[in-house]
Every structure is written in C-alpha cells, then in structure tokens.
Amino acid sequence: SLTTAMAASARLLFRGAGLKAYTANVNSGAQSSFGTTLLRLSPNCSSQTKTQIKHASHFTYHPDPVPTMYGPTTKMNLFQSVTSALDNTLASDPTAVIFGEDVAFGGVFRCTVGLRDKYGKDRVFNTPLCEQGIVGFGIGAAAAGATAIAEIQFADYIYPAFDQIVNEAAKYRYRSGNLFDCGNLTIRAPWGCVGHGSLYHSQSPEAFFAHCPGIKIVIPRGPVQCKGLLLSCIEDHNPCIFFEPKILYRAAVEQVPTEAYTIPLSQAEVLQEGSDVTLVAWGTQIHVLREVVSMAQEKLGVSCELIDLQTILPWDTETVCKSVAKTGRLLISHEAPVTGGFAAEISSTVQEECFLNLEAPITRVCGYDTPFPHIFEPFYIPDKWKCFEAVKRLISY
Amino acid sequence: MATARGMKTMYGVCSHAVRQTTGLKAARILQQRAFRVNGALRQQPFDSSEEKPQFPGASAEFIDHLEFIQPNVISGIPVYRVMDRAGQIINPSEDPQLSKETVVNFYQKMTLLNTMDRILYESQRQGRISFYMTNYGEEGTHIGSAAALDSKDLVFGQYREAGVLMYRGFPLDLFMAQCYANADDLGKGRQMPVHYGSKDLNFITISSPLATQIPQAAGAAYAAKRENTNRAVICYFGEGAASEGDAHAGFNFSATLECPLIFFCRNNGYAISTPTNEQYRGDGIAARGPGYGMLSIRVDGNDVFAVYNATKEARRRAVAENQPFLIEAMTYRIGHHSTSDDSSAYRSVDEVNYWDKQDHPISRLRHYMTARSWWSEDNERSWRKQSRKTVMEAFEKAEKRHKPHLDLMFTDVYDEMTPNLIRQRESMWRHIQQYKDHYPLDAYAK
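The rules behind the values
- Residues numbered from 1 in each chain as written.
- Chains lettered and ligands numbered in written order.
- Predicted model: local features only at pLDDT ≥ 70, side-chain atom pairs only at ≥ 80, totals over all residues.
- Heavy atoms only, no water.
- UniProt positions renumbered as here; feature names shortened; annotations may be inferred.
- Helix = DSSP H or I, 4+ residues; strand = E, 2+ residues; numbered from the N terminus.
- Buried < 20%, exposed > 50% of the residue type's maximum accessible area, 1.4 Å probe, protein only.
- Contact = heavy atoms within 4.5 Å.
- Areas by Shrake-Rupley, 256 points an atom, 1.4 Å probe, with all protein chains shown as cover.
- Buried area = accessible area lost by both parts, 1.4 Å probe.
- Salt bridge = Lys/Arg side-chain N within 4 Å of Asp/Glu carboxyl O.
- Nonpolar A, V, L, I, M, F, W, Y, C, P; charged D, E, K, R; others polar.
- Domains from an automatic or database assignment.
- Polar contact = N/O pair within 3.5 Å; in protein donor to acceptor, adjacent residues only side chain to side chain.
- Phe/Tyr/Trp six-rings, centres within 6.5 Å; stacked < 30°, edge-to-face > 60°.
- Lys NZ or Arg CZ within 6 Å of the ring centre and 35° of its normal.
- Pairing = 2+ DSSP bridges.
- Axes fitted to C-alpha atoms, helices over the stretch in contact; angles between N-to-C directions.
- pLDDT = per-residue confidence, 0-100.
- Left-handed = near helix turned anticlockwise from the far one by under 90°.

Looking at an unreviewed UniProt entry, one finds chain B named 2-oxoisovalerate dehydrogenase subunit alpha and attributed to Esox lucius. Taken directly from UniProt, the Cofactor (unreviewed entry) text for chain B runs: "thiamine diphosphate".

Chain A has the name 2-oxoisovalerate dehydrogenase subunit beta, mitochondrial in an unreviewed UniProt entry, where Esox lucius is given as its organism. Comment text from UniProt for chain A, heading Catalytic activity (unreviewed entry), reads "N(6)-[(R)-lipoyl]-L-lysyl-[protein] + 3-methyl-2-oxobutanoate + H(+) = N(6)-[(R)-S(8)-2-methylpropanoyldihydrolipoyl]-L-lysyl-[protein] + CO2".

Chemist: Would you explain the overall build of chain A in this entry?
Modeler: Summing up its helical and strand segments, chain A has 16 helices and 14 strands in all. Out of the 397 residues belonging to chain A, those deemed buried represent 57%. Restricting to contacts in chain A with at least 6 residues of sequence separation, those with at least 24 account for 82%. Accessible surface, chain A: about 16700 Å² in total, of which carbon and sulfur atoms supply 56%.

Chemist: What should I look at first to understand the interface of chain A and chain B in this one?
Modeler: It is common to report an interface's size as the accessible area lost on association of the parts. Contacts between the two partners involve 46 residues from chain A and, on the opposite side, 43 residues from chain B. Both faces considered, chain A and chain B share a buried interface measuring about 3600 Å² in area, 60% of it formed by carbon and sulfur atoms. Applying the counting criterion to the chain A and chain B interface returns 1 salt bridge. Sort the elements by how many residues they give to the side of chain A that touches chain B and helix H6 (residues 131–143) of chain A lands first, with 8 residues. Its residues assigned to classes, the side of chain A that touches chain B shows 22 nonpolar, 16 polar and 8 charged.

Chemist: What am I meant to see in the domain arrangement of chain A here?
Modeler: All names here are of chain A. When its domains are assigned, chain A resolves into domain 1 (73–257) and domain 2 (269–396). Taken over C-alpha atoms, the centre of domain 1 sits 27 Å from the centre of domain 2. Counting from both sides, the interface comprises 28 residues of domain 1 and, opposite them, 25 residues of domain 2. Buried area between domain 1 and domain 2, both sides added, is near 2100 Å², and the carbon and sulfur share of it is 59%. Contact with domain 2 buries surface across domain 1, with Cys-193, Ile-219 and Arg-221 losing the most and accounting together for 29% of the total. Of the charged contacts in the structure, one is a salt bridge between Arg-221 and Glu-269, with a shortest N-O distance of 3.3 Å. For the interface between domain 1 and domain 2, the tally reads 11 residue pairs in polar contact (both at pLDDT 80 or more). When residues of the side of domain 1 that touches domain 2 are traced back to their parent elements, those giving at least two are helix H9 (206–210), strand E6 (216–218) and helix H10 (223–235). The leading source of residues in the side of domain 1 that touches domain 2 is H9, at 4 residues. In terms of residue class, the side of domain 1 that touches domain 2 is built from 17 nonpolar, 8 polar and 3 charged.

Chemist: Explain the packing of aromatic side chains here, please?
Modeler: In this description, a pair of aromatic rings is defined by centroid distance and the angle of the planes. The final tally for this structure, using the stated rule, is 34 aromatic pairs over all chains. Geometrically, the ring pair formed by Tyr-236 of chain B and Phe-264 of chain B is tilted, given 5.1 Å between the ring centres and 50° between the ring planes. Within this pair, whereas Tyr-236 of chain B is found in strand E3 (residues 233–238), its partner Phe-264 of chain B is found in strand E4 (residues 261–267), the two being separated by 28 residues in sequence. There is no split in this pair, since Tyr-236 of chain B and Phe-264 of chain B are both buried. Measuring from centroid to centroid gives 4.9 Å for Phe-251 of chain B and Phe-263 of chain B, while their planes differ by 75°, and the two rings are edge-to-face. With Phe-251 of chain B in helix H7 (residues 245–256) and Phe-263 of chain B in strand E4, this residue pair connects regions lying 12 residues apart in the sequence. An identical accessibility class is assigned to Phe-251 of chain B and Phe-263 of chain B; each is buried. An aromatic cluster is built from Phe-99, Phe-125 and Phe-137 of chain A together with Tyr-222 and Phe-253 of chain B, whose rings are joined through pairwise contacts. A cation over a ring is seen here: Arg-190 of chain B above Tyr-174 of chain A, with NZ or CZ 4.3 Å from the ring centre.

Chemist: Looking at this structure, I do not really get helix H5 (residues 172–180) of chain B. What am I missing?
Modeler: The periodicity of an α-helix, 3.6 residues per turn, causes residues three or four positions apart to be oriented the same way. All names here are of chain B. Burial analysis of H5 places 7 of its 9 residues in the buried class, the great majority of the element. The complete set of buried residues in H5 reads Leu-172, Phe-175, Met-176, Ala-177, Gln-178, Cys-179 and Tyr-180. Looking at the buried residues of H5, the elements they touch are helix H2 (100–125), helix H4 (162–168) and helix H11 (377–400). In the stretch just after H5, Ala-181 is the one whose phi turns positive, near 50°.

Chemist: Before we go on, may I ask you to explain the environment of Val-135 of chain A in this structure?
Modeler: Residue and element names in this part refer to chain A. Secondary-structure assignment places Val-135 in helix H6. For the pair Val-135 and Ile-152, spaced 17 residues apart in the sequence, the C-alpha separation amounts to 8.5 Å. When near neighbours in sequence (up to four residues on either side) are disregarded, Val-135 contacts Ile-152, Ala-161, Gln-164, Ile-165 and Ile-187.

Chemist: I keep staring at the sheet that holds strand E10 (residues 277–281) of chain A and nothing clicks. Help me out?
Modeler: By way of backbone hydrogen bonds, the strands of a sheet pair with one another, either parallel or antiparallel. All names here are of chain A. Strands sit in the order E9-E11-E10-E13-E14 across an open sheet of 5 strands; the sheet is mixed. This sheet does not close on itself; its edge strands, each paired only once, are strand E9 (269–272) and strand E14 (363–367). Taken over all neighbouring pairs, the strand axes of this sheet differ in orientation by 25° on average, direction set aside.

Chemist: What's the story with the confidence of the model for chain A in this structure? I'm lost.
Modeler: The predicted coordinates should not be examined in detail at positions where pLDDT is low. Taken residue by residue, chain A gives an average pLDDT of 92. The fraction at 70 or more is 89%. In this model residues 12–25 of chain A is a low-confidence stretch, pLDDT under 50, and it forms 8 contacts with partners more than four residues away in sequence or in other chains.

Chemist: Looking at this structure, how should I read the UniProt feature "domain: Transketolase-like pyrimidine-binding" (unreviewed entry) in chain A?
Modeler: Within this numbering scheme, the UniProt entry marks residues 76–251 of chain A as carrying the feature "domain: Transketolase-like pyrimidine-binding" (unreviewed entry). End C-alpha to end C-alpha, residues 76–251 of chain A measures 10 Å, and it is 38% helix and 16% strand.

Chemist: Teacher, can you tell me more about the environment of Ser-338 of chain B here?
Modeler: Residues and elements named next belong to chain B. Inspection of the secondary structure puts Ser-338 in the loop between strand E8 (325–330) and helix H9 (349–358). Accessibility expressed as a relative area gives 4% for Ser-338, which makes it buried. Expressed as a C-alpha distance, the spacing of Ser-338 and Tyr-167, which sit 171 residues apart in the sequence, is 22 Å. Apart from the residues within four sequence positions on either side, Ser-338 is in contact with Phe-131, Tyr-132 and Met-133. Within the structure, Ser-338 has its side chain in polar contact with the backbone nitrogen of Ser-340 (distance 3.0 Å).

Chemist: For this particular structure, what's the right way to read the packing of helix H3 (residues 139–147) of chain B against helix H8 (residues 304–321) of chain B?
Modeler: A pair of packed helices is characterised by two quantities: the angle between their axes and the separation of those axes. Residues and elements named next belong to chain B. Across the interface, H3 lies against H8 with an axial gap of 7 Å and an inter-helix angle of 35°. By crossing handedness, the relation of H3 to H8 is classed as right-handed. Taking contact as the criterion, the partners of Gly-140, Thr-141, Gly-144, Ser-145 and Ala-147 in H3 are, on H8, Val-304, Val-307, Tyr-308 and Thr-311. Each residue belonging to the contact of H3 with H8 can be placed in one class, and the counts come to 4 nonpolar, 5 polar and no charged.

Chemist: What am I meant to see in the environment of Asp-102 of chain A here?
Modeler: Residues and elements named next belong to chain A. You can see Asp-102 is positioned in the loop between strand E2 (97–100) and helix H5 (115–119). For Asp-102, a relative accessible area of 33% puts it in the partly exposed group. Residues Asp-102 and Pro-220, 118 residues apart in the sequence, show an inter-C-alpha distance of 23 Å. Those residues in contact with Asp-102, other than ones at most four positions away along the chain, are Gly-107, Val-108, Asn-126 and Gln-153. A distance of 3.0 Å separates a polar atom in the side chain of Asp-102 from a polar atom in the side chain of Gln-153.

As structure tokens, then:
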C-alpha cells in the first residue's frame, strides 16, 4: 500500500542519514530534500496530476506601442514601471515618502526595490501591520504637506481602511471648506485575479469606492499606462486609489519612458475603433477583450470599438456615450461580481444618455455573485468565450 | 541644550539620537543615526550558548515559575496635580509661576468659553441652531494644554476642544458662524455645529467619526519631523474614542515611526451614557502607553497648571527626542454629551453637582488668583458682564447673516469641479427655478 511504501522509504532515509541529519531534516521545514525524496519514492504520486497541469493564462498580453513623446524608453514590466514612477517622484519631490507593509526590502511584488537604499530610511519605510493605520497616517502626512504614497499589500485587505478613505480622505477638503485637504495622498494596491489567488488575493474592489465622491480611482492596463497614470495620481490634488493588476506585474512588458510623464486622469482611451459594438473594460480585462475584438472580426465579421476606461472615478462618460451613440451596442466586462459592480453604473448612465441609440440591451460580462473561488477560477472569470458569446447575442438581438 | 546620545540600554526606554537645532545637515545625520541604531538592535547575532532568550521579538530574562502579570487597576498610575481642589499649590517647585497676565488670560478664556457654551446650548434649545456640544468641566484641559504649545503646532481634535481654539484666538464671530452655518463660516456651511477648523490657527477641521484623527496625527507629526522646523503635533480624544482600532493604530505608528506627537486623552468619565467601567478594564488610557513603548502620564485635568506642566514637558521632549507622549487628563463631563442627550437618564444630579461645585477647573484657578489678589469680586462682575455682552453681540450678528451661496454645495468635492458635478449643479438650479416657492431661497446668499 501507499502508506507502507512511504513508511519504508522514510525509515530507509532516517537510518541512512543518522540522527543529526534526521533532526535537521525533520526540524527544518525550510529544507525541501526530505519532502521531495518522499514524493519521488512514492510509486503512486505521479509527477503531474490532472489538477496540477498548469492552465494557460486566460489572456494574452498585448503591449502598447513604444511611446515616442516622452523621451528615451527602456524595457520594463509592470512592477518595474511602478518602481520607475516612484523613483522619479522621490527624486523630484523632497517631501515624498513611501510606506506600508514590507516596502522597505522592496515589497512583496518588488515594486519598491532599491528605493530605500537610494533615498533613505526616512523616506521608504515599513509600517506596522495595520491598514487603517497606513491610510490614516497617510492622510495626516498629506494634510501636513508631504506627498504620501501608501501601499496596501493586497486590495483584498483595504477594507480596514475603508472608514479612513471614505469618511476622512474623500471628505477632507469639502468638510473643511477647503481649509485642509489630503490631495497629496496616493494609495496603491495590487488588484485582480492572478490564477490562484482565491477569495483574498484576487479581489477588484473598485465598486465599493466608486460610490464615494471625493476620491479618484485609477486602474492601468500595462506598464506605459501604469507609470503615466500613477504619476498623474501622485501629482493630482485629490486623494487617489491606484489599483495595479497583479497578474500583469511580470507578464506585462513594454518599452517605458525612463523620465517622468503623465497620462491624464478621467480620460478613457479608445484603443481600437469600430462600428458595431462598444466594449468597455479596465486593467487585465482589456487584454481579454482585445482578443474578443479579433475573434468577433474573424468569426462574425463584427467590428468592435474597444475602450479602456482607466479612471473609474470620476469616469469619462463622454467618450463612452459618444461611442455607444455610434455603435448602438455596449458590453462592459469586469472580474468583480456583477451585482453592484461598476458595470452597473456605466450601464445606467449610458441608457440614460443613449437610450434611443441602443439597438440591444446593455450587456455586462462579469464575475458571478460569489466570493472569488480558488479551484473554480477558470469558470468564474469573464473569459474571452463568455465575452465572445455576449457579443454574438448583442449582434443578433 | 540638546545633545546627541547613543543607545543607552536594550531594556527600558530607548534613548534616541537627539536633534540639534544647529543645522539641517547635522539634524539629518542625527536622524539617520537614530534609524541606524534601531537597525543595529535587530541585527544582534543569535547565540544559543547564552542562557538569555534570543528571540527577535522581545528582550527579557527567562523565568522558571508560572506567574501571570497582574494588571494594576486598584492603585494604578498616579494622578499628577499642582493645586489641590481649593486652588492651593501643593509642591511649590511644581508651580509654573506664570505671570499674572498669563493666568488671568487662562481664567478669562475658560470663562468666555463657558459663557459661549451656555448661550449656544440655549440657542439650540430654542431652535436657532441645530445642535451643540458644551465643554463644561473640561475647560482646564483645553486651556492648560493649548498654552503649553507653540502657535504653529498642529492640533487634531475630537469635538470637545473648543477652548484650544479659543485660546489660540479664534474669534467669537467664527465660532458662531460655524454653528449657524452662515456665509461667514470658514467651513462653508457643510458641517454640523462645533465642527470647527482653522488653517491660520493650525487647528485641523473636526470630523464626526471618532478616533480617525489619531493615526492622522501620527502622519502629520512624521511629516513635521521631516520638515525639521521644530513643530509638534497634539492629538486630543476622549477615553471612549481610545477604544477604537484607530487609536491602537495611531499609538503604534507614532511609537515605531518616532513621531514628535502628544496624545492628549480627556478621560471625562463617560462616552455618552457609557461609563468608564464599561469602556475598559485596565488602568485607564495612560496604562496602555507603555504597551506601545510610549512615555505616559496621568494628570488632574481640572488643574490647569498640572495640564500645562505635563504638556509643556511632553512637547519639549517630543520634538527634541522624536517620540510620542501620552497624557491622560482625568476630568469630568459636567454637561450632557450634546443637545441630543439628557444625562439624567444615566447619572444622578448629585454626581454632577459634586464636580460642578467641588472640583471645577475654573473655580480652582479663581481661588489661586484671589489668593494672590489677582482677581477681585469687581473683576469677576465686570468680566462676566463684558463676556456676556461680547458673546451676545456675536450671536445676534451670526443669526442675522445669510447662509452660504447654494453653489457651495458642489465645490471642494475635488480641487476642481468635475463635468458630472457641473451638470448636477445646473440640474439643481433648473429645478429650483421651477419650484422656487418650495425652497427657503431667501435665507441663502445670492
């Protein structure tokens, strides 16, 4: 039986190695040799089980063209584009400080690598493990005149700071009659599905905050956008939340300008012009929809107009409505659960503004109304097949 | 004269490198030394041959018998005071020996606040303003602490610190304007009464959520430290707000990030109807300080000089040593929580009368002054008359003023108005034009 075989091999290993090695192997969980040996010796453990077979990513990353108007560029992935933006900021703004959990050694996603050594321990520093403290601290520093860049380790953990963001940061200027504000505050957080993140490492919480006047919410689709939008957020005189699609940290590679540059907030970008259907998304989902655009053209002869919203709040209603007035059909797609998701706000506004232009009901292709599941992720996410099917139904309505 | 000191000991209070006032570069080097010193602490090599614990998380000795540490709530942290309840100095070396002018000013500010409170409380009862919170019994905590600060020190308050603003010179007109939400209100009429703020007087605008200001004060103090301009931050809160998670966050951040910050807790016995024995089980708020590595003290909040001395020393050291201080000022909330509260529902009139008659910061200070012939019955009579007159004048003026212009409902959400808000504002005006008879337009500025 399996257990007898495993036990036999275990005894073999122990006797051969001697007590000291055994102690070392058993006590040190860090050493993998014992574990690997056991697995290898076991006859019934195949090297790859069905569920272990790596699933291909649900999207193909489409890089932006090389920007030419911002000076020399260099190859960067998404986390490096964040580092670059932060580097530019710390260099030009002596009041700028970066803080959060584990940012000092470089961050769990390597976004702050090298910055502490370069700019000093008083400017790039760890905080205690407390999101309400991180954001509260950031608000106070910003109100006192410092450029405060707060990192929340995962967007899934931003909720303890919800009160500080919604009741304090967003309302600082309004409630004080513009005597005080925390426009110098930017909050960054990794966002969105990553393949195995499950409930608490995959969330897209933009809808919770979209309901809060006074803050800005920005989500980039790639490194060039990321750096430019992050620098805009930092420069912007309003508190901003910048969600970074974590699945793109390494997967998204582009030529990114090394100097500082900004991409305007609250301006949606038409990535591809089309005449039959308007597709709206942000972040990772843009790359899913890019493929859907090709599929629709090839298989259905349908011409799609793809819009990257970029800024969720305040959002660019004009660009979206202008597009829908032209195409008459709208599909909005996001990973977050469909009920109360931001697609609902877009849908509602568009039907108010473009009611008579609509040829079909507005479609939302989103996550189901469940917490983000672990093993069911491939079935949960609004992948290209779900979006393609929705385009088909839109066209044939 | 501040001098640079190295690490004293691994146990007890860490001695941080002290900032000198001589030069920015020197100060920066010293600050960096402080950081490096803490780094060295962590990088101590582990040595299992030593019988001392090697854990990175705590430096202590081993103990071989089971013993739970008893929280000391029976005879807890003592209450520092300078005057007895009759206003007599107990230990002359603790008398701050402030000038007659300063002390008379303390007294006048406390009584002016008291007068303003009485009139505005009554005005709410008469339906003239929507809401009010009095400061009865806590005037000593406001004036004593405010007097010990620099005018450029940043103040984060909760809602019962109007005396701090009054001490700094916030005019009666502006107190009234905020309560009446009229066109003179610096806050542009957006908040309920007593949510004061003043950029000129470095008093951050009050917000209703409790304790949110505590981690903010830590951030502001950190920014002040980096600015290197000898600026402190003070953060006021009640013993109830100290239960919030934000309080824990603020304490911990200020200590770990070495912020020049004074935490000032007004422990007045009640959080609305909740007495302190339902708010905490430990020895008040001061006993929490050491848990965070913070220097802490408990003072008699009804003793203006005790509050003054403690705040003054805390401020001096907070800035010199870049570390937070916790002051728990024991006092009593003589008034109701607010105009929406009737405290006879949960406490006896006798209890309230005790504090009003036998241990009040205003009367204690008056006894101190009369003992030195600094204040007579005539002074009292004429000052009472004058303060009532000035409060009433401001009151009547505020009542007559228009409310702010309606456009101000839409500004300051962001630094610039968004297209969305411009559309909504236009929509509001169109609606108002059509239904103008149903809206109190005359009360608002044109």
